[in-house]
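What follows is the residue order along each chain.
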Amino acid sequence: MTRKVGRIRDVATETGLSTATISRVMNGAENVSPKTRARVLEACQRLDYFPNPAAKALSTAKSKTIAAIIPTIEHSIYAKYIAAIEQTLAKRGYSIVLAISNADEESELEAAHKLLGMGAQAFILSGAAHRPELSDMFIRRGVPFVFTSVWNAVNSAPTIGYDNFEFASRAVTYLSEKGHSQIAVLHGPLSESDRTRARCDGARSAGSEGICLRFFETTLDVTGGRSAINRVLQERRDITAVLCFSDVLALGVYFGLSSEGLTVPGDISVMGFDNLDWSAAVVPGLTTIDLPAGQMGEHVAAQLVAHLETGTPIMPTKLDASIVERGSVKTIRPG
C-alpha cells in the first residue's frame, strides 16, 4: 500500500508540539531551541512532510518550475540537451532548475527532496535506473516525471529518448560492413549508467562468429579514452577499429594513438557516439552516432508542460539517430 504524505498536524501529533512551533522550525526561526529543532526535523523526515511553501506550490501548481537532475554538466551533449529544455520551457512561461547527481543514486534522491521543497512541479531524470524511493516519492505526491536518454514503450514511467541497445548494435554492424573484425569497445563505468550497459549489450548482439569484440571500461573523459587505448595497444595489437560510446572517449583515443606514432584511420579506425560540436573539426573528422539530444530536450519539455496544463498523457517517445560518416573509419578490403 502506498504510504501517505505527512501533514503538519501529523508532525505536531508525533512530537507533541504545536503546529505554530512546527511552522517556526520549518521557516528557520531563531527562537527555537536546537533540541526542539532536531526533534521536529527528525519527525518531518520520518513522516515525509515538506515545508508549507512546497506544499502550496504543488497544490496550486503555480511555481511553473520543472526540475532536471543529470549525472554531469561537463559533457557538451548535456549542455545541448539542457539548453533545448530551457528554451522550450521559456516559450511556455516555465523555468528549469538543475541539479547534478554525479551518477550517484543517493545524491540524486537528496537533490529530488530539495527540489520538491523548492516547489518543482515535474522532474526530468536521466536513464531509467533509479532508487525505488525516488519514483515512490513522486507518485505519492502526484508529481509527473520522465526518464530520458532511454526508450522503453512498456516502462513503468514514460521514457523519451533513444534505443541505446539498437544504436550500439548498428555501430558494430557498420564497422563490420567496413571490413573490421577485430574491434575494441571503450565505455564508461557500467555501474553508473543503464545507458552504457544497454550499449554494451547491443554491441554484443551484433557480434558474429567472424567478429571479435573486446570491451574496455574506463572513466568517461578524455583521460579515460587515452588510458584505455594504451591498454588496447598493450593487450590487442591486432585491433583494427575502436568503437567509443562517447565522443569524449574518442578524442582521448586520438591523443593516445598520436602519442604512439599511429594514425587515424591509417593504423586504427575510430568511431564515436554523440556527434558533439567539435567532432567535425578534429582531423580526421570523427565518424559517430548523431544522438538527437536537442530534439529530446524539446520533446520532454513540451510534453511535461502539456501534461501540467491540460492533463495530456506523457507518451513514450522513441527518437532515431543516424551515423555521420567522416574520415576516421577506413574500409578494409578482403585479402
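For the structure itself, look to the data block above.
Residues numbered from 1 in each chain as written. Predicted model: local features only at pLDDT ≥ 70, side-chain atom pairs only at ≥ 80, totals over all residues. Heavy atoms only, no water.

Q: Which residues make up the overall build of the protein, and what are the values?
A: Looking only at helices and strands, the protein has twelve helices and twelve strands in total. In terms of overall dimensions, the protein has a C-alpha envelope of 85 × 40 × 35 Å along the principal axes. Across the 335 residues of the protein, 49% fall into the buried class. Intrachain contacts of the protein at a sequence separation of at least 6 include 71% that bridge at least 24 residues. Across the protein, the centroid of the 34 positively charged side chains sits 7 Å from that of the 35 negatively charged ones. (Helix = DSSP H or I, 4+ residues; strand = E, 2+ residues; numbered from the N terminus. Buried < 20%, exposed > 50% of the residue type's maximum accessible area, 1.4 Å probe, protein only. Contact = heavy atoms within 4.5 Å. Lys, Arg positive; Asp, Glu negative; His and termini not counted. Charge placed at Lys NZ, Arg CZ, Asp CG, Glu CD.)

Q: Would you mind going over the layout of surface pockets in detail, with residue names and values included?
A: Considering only enclosed or pocket space, the largest pocket measures out at about 660 Å³ in volume. Around the largest pocket, the lining is made up of 31 residues, and of these Pro71, Thr72, His75, Tyr78 and Leu220 lie nearest the centre. Those elements that place two or more of their residues in the lining of the largest pocket are α5 (76-91), α9 (194-205) and α12 (293-310). Among the residues forming the lining of the largest pocket, the class breakdown is 16 nonpolar, nine polar and six charged. (1 Å grid on protein atoms, 1.4 Å probe; cavity = no way out; pocket = protein on both sides within 12 Å on 5 of 7 lines; lining within 4 Å. Points joined across faces, edges and corners; volume = space filled by probe spheres on them. Nonpolar A, V, L, I, M, F, W, Y, C, P; charged D, E, K, R; others polar.)

Q: Lay out the pattern of salt bridges in plain terms, naming residues and giving numbers.
A: The final tally for this structure, using the stated rule, is twelve salt bridges. Two residues, Glu166 and Lys318, come together in a salt bridge whose shortest N-O distance is 3.0 Å. Of the two residues, Glu166 sits in helix α8 (residues 164-177) while Lys318 sits in strand β11 (residues 317-318), which places them 152 residues apart along the sequence. Overall, the relative accessible area of 41% leaves Lys318 in the partly exposed class. Put simply, Asp201 and Arg204 hold a salt bridge, and the shortest N to O gap is 3.4 Å. Pair noted here: Asp201 and Arg204 are both in helix α9, with a separation of three residues, about one helical turn. A residue is classified by how much of its surface remains accessible, and Asp201, at 40% relative accessible area, is partly exposed. (Salt bridge = Lys/Arg side-chain N within 4 Å of Asp/Glu carboxyl O.)

Q: An account of unusual backbone geometry is requested, with residue identities and associated values reported.
A: The amide bond that connects Val264 to the next residue, Pro265, takes the cis arrangement and shows omega of 0 degrees. Looking at where Pro265 falls in the secondary structure, it is placed in the loop between α11 (247-259) and β9 (269-274). Residues Val283 and Pro284 are joined by a peptide bond in cis, for which omega reads -5 degrees. Along the polypeptide, Pro284 turns up in the loop between β9 and β10 (287-290). Even without being glycine, Ser149 reaches a positive phi, approximately 70 degrees. Within the element layout of this structure, Ser149 appears in the loop between β4 (145-148) and β5 (159-161). Unusually for a residue other than glycine, Asn275 sits at a positive phi of about 60 degrees. On the secondary structure map, Asn275 appears in the loop between β9 and β10.

Q: If you had to explain the packing of helix α1 (residues 8-15) against helix α2 (residues 19-26) to someone new, which residues and values would you point to?
A: The N-to-C vectors of α1 and α2 enclose an angle of 110 degrees; their axes lie 9 Å apart at closest approach. Classified by the interaxial angle, the pair formed by α1 and α2 is roughly perpendicular. Contacts between α1 and α2 involve Ile8, Arg9, Val11, Ala12 and Thr15 from the first element and Thr19, Ile22 and Ser23 from the second. A per-class count over the contact of α1 with α2 returns four nonpolar, three polar and one charged. (Axes fitted to C-alpha atoms, helices over the stretch in contact; angles between N-to-C directions. Parallel < 35°, antiparallel > 145°, perpendicular 65-115°, else oblique.)

Honestly, it's all geometry; don't read function into it.
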